[in-house]
Amino acid sequence: MSANEYIPIRVSTLRGDLKIPFDAYVKVASKHILFCRQGDSFEGDRLVRLKKKKLKKMYILPEHEEPYRRYISESIEAAFDNNSDKSIEDRAAVIQGAQQAAAEDVMENPEDQHSYHLAKKGSAKYVEFILNNSEATKSILAIKNADNDLAHHGVTVSTLALGIAKELGVVESQPQLLDQLILGSLLHDFDHYHSGIPYSLPLQEMTDEQRVIYLAHPQSGVDRLKNLQHFDQLVLKIILQHEELINGSGFANKMLEKDLDPLVLTVSTANAFDRYITFQNVPVKDALKTMLIEKMGLYPLAQMKALQLALKNQGVITS
Ligand SMILES: [Fe+2]
Ligand SMILES: [Fe+2]
């Protein structure tokens, strides 16, 4: 089999306890090596090992493409089924992976309308999963983003944003925008996917050149998407404005609170919080405290209080 006949698949789609009906290969120095055999599963430390290696793609043989597609759709369907006999942790793992893969698909090929619509549909289902299962938020947030993955960060931000939105009454007042809130959160750092800068570093640890790229990422993100008609307005607004701060000291356009959409501020608040817990390894409770003190006057107090309440009500923190 020549190297270019193998079909790439996303590691993020390989979650859960189902046995895989295909052989999965890794590519090492242009050679494909069998990593997980047909009939095995991706449970346990297998995924952790892959994540630690920051491996995003694996490979399958062309004759296994059909069983692979079936495996993906069956595991996602079973995970979204509220009558499922699977544990909420297993369901959350599959759904988290599906959302991560959907974000990666759109970020890799934003011009592909089909991927965008699939991601939007998945986001609507995600809203239902989170709102209808009391342990869902906790289970999703318990999945560690070991390699500071950008799409995983997007899934975490989307989950926190939905929690805040729920506390602020948005589920009742703007239910039609919740799928866009999720999708915008998944894609908010779209520019980092292409610029390749070390986005998880604190600003002061970046080189001058990296800092310039970082401070432009919201604007560069929407610039990369111009002329694409299928992106929703709120999704674009989230990408452009998620680093703005209410006192005008944010970037890329130093906007003020009165000009910012509250839904965008929800994503900004969730994003700042996940930068603490994922990129700086600050424990959840300390991150809340730090944010309330260090970021005072930068995010609306109502959004921060809603975040605190959401974490409490979803059982992520106890007091
Ligand atoms: Fe950002
Ligand atoms: Fe971010």
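For the structure itself, look to the data block above.
Residues numbered from 1 in each chain as written. Chains lettered and ligands numbered in written order. Predicted model: local features only at pLDDT ≥ 70, side-chain atom pairs only at ≥ 80, totals over all residues. Heavy atoms only, no water.

**Q** Sorry, what's going on with the pairing of strand 3 (residues 31-36) here?
**A** In the case of a regular strand, side chains alternate between the two sheet surfaces. Looking at chain direction, strand 2 (residues 24-28) and strand 3 are connected through 5 bridges and run antiparallel. Its bridge partner lying in strand 3, Ala 24 is registered against Cys 36. In textbook terms, the turn of a hairpin is the stretch between consecutive antiparallel strands, and for strand 2 and strand 3 this stretch comprises 2 residues, one of which, Ala 29, has a positive phi near 45 degrees. (Pairing = 2+ DSSP bridges. Helix = DSSP H or I, 4+ residues; strand = E, 2+ residues; numbered from the N terminus.)

**Q** Help me understand the coordination of the iron ion (ligand 2), please; the structure alone is not making it clear to me.
**A** The expected angle between donors at a tetrahedral four-coordinate metal is 109.5 degrees. At an octahedral six-coordinate metal it is 90 or 180 degrees. At this site the iron ion (ligand 2) is bound by His 153 (NE2), His 188 (NE2), Asp 189 (OD) and Asn 271 (OD1), with donor distances of 2.1 to 2.2 Å. In primary-sequence terms, the residues that donate to the iron ion (ligand 2) follow H-x34-H-D-x81-N. Between the two metal centres, the iron ion (ligand 2) and the iron ion (ligand 1), the spacing is 3.8 Å, with Asp 189 acting as a shared donor. Of this pair, His 153 sits in helix 6 (residues 150-167) while Asn 271 sits in helix 13 (residues 262-279), and the two are 118 residues apart along the sequence. Given a relative accessible area of 0%, His 153 falls into the buried group. (Donors = N, O, S within 2.8 Å, 3.2 Å for Na, K, Ca; no water. Buried < 20%, exposed > 50% of the residue type's maximum accessible area, 1.4 Å probe, protein only.)

**Q** Would you mind going over the packing of helix 3 (residues 88-108) against helix 8 (residues 178-187) with me for this structure?
**A** Packed helices, taken two at a time, are described by the angle their axes make and the gap between the axes. The geometry of helix 3 relative to helix 8 is characterised by a closest axis approach of 9 Å and an angle of 70 degrees between their N-to-C directions. It follows that helix 3 is roughly perpendicular to helix 8 by the angle criterion. As for how helix 3 packs across helix 8, the hand of that crossing is right-handed. Mapping the contact onto sequence places Gln 99, Ala 103, Val 106 and Met 107 in helix 3 and Ile 182, Leu 186 and Leu 187 in helix 8. In terms of residue class, the contact of helix 3 with helix 8 is built from 6 nonpolar, 1 polar and no charged. (Axes fitted to C-alpha atoms, helices over the stretch in contact; angles between N-to-C directions. Parallel < 35°, antiparallel > 145°, perpendicular 65-115°, else oblique. Left-handed = near helix turned anticlockwise from the far one by under 90°. Contact = heavy atoms within 4.5 Å. Nonpolar A, V, L, I, M, F, W, Y, C, P; charged D, E, K, R; others polar.)

**Q** Please explain unusual backbone geometry as it appears in this structure.
**A** Peptide bonds are trans in most cases, and residues, glycine excluded, mostly fall at negative phi. Cis rather than trans, the peptide bond between Phe 251 and Ala 252 has omega equal to 15 degrees. Along the chain, the position of Ala 252 falls in the loop between helix 12 (233-241) and helix 13. For Asn 148, which is not glycine, the phi torsion reads 50 degrees and is therefore positive. Here Asn 148 shows up in the loop between helix 5 (136-141) and helix 6.

**Q** Help me out: how do you make sense of the environment of His 217 in this one?
**A** Here His 217 shows up in helix 11 (residues 217-225). We classify His 217 as buried; its relative accessible area is 0%. It is 7.3 Å that separates the C-alpha atoms of His 217 and Asp 189, two residues lying 28 residues apart in sequence. If we ignore the near neighbours within four places in the chain, the residues touching His 217 are Asp 189, Asp 191, His 192, His 242, Glu 243 and Phe 251. Only 3.2 Å separates the side chain of His 217 from the side chain of His 242, close enough to count as a polar contact. (Polar contact = N/O pair within 3.5 Å; in protein donor to acceptor, adjacent residues only side chain to side chain.)

**Q** Quick question: what am I supposed to make of the packing of aromatic side chains here?
**A** Remark: the centre distance and the inter-plane angle together describe each pair of aromatic rings, the angle taken between the planes. This structure, assessed with the given rule, holds 7 aromatic pairs. With a centroid separation of 5.3 Å and 80 degrees between ring planes, the pair formed by Phe 22 and Tyr 68 is classed as edge-to-face. Note that Phe 22 is positioned in the loop between strand 1 (7-10) and strand 2 and Tyr 68 in helix 2 (residues 65-80), a separation of 46 residues in sequence. We note that Phe 22, like Tyr 68, is buried. Taking the centre distance of 5.4 Å and the plane angle of 80 degrees together, the rings of Phe 22 and Tyr 71 count as edge-to-face. Of this pair, Phe 22 sits in the loop between strand 1 and strand 2 while Tyr 71 sits in helix 2, placing them 49 residues apart in sequence. Taking the relative accessible area as the measure of exposure, Phe 22 reaches 0% and is therefore buried. The structure contains a cluster of three or more aromatic residues connected by ring pairs, namely Phe 22, Tyr 68 and Tyr 71. (Phe/Tyr/Trp six-rings, centres within 6.5 Å; stacked < 30°, edge-to-face > 60°.)

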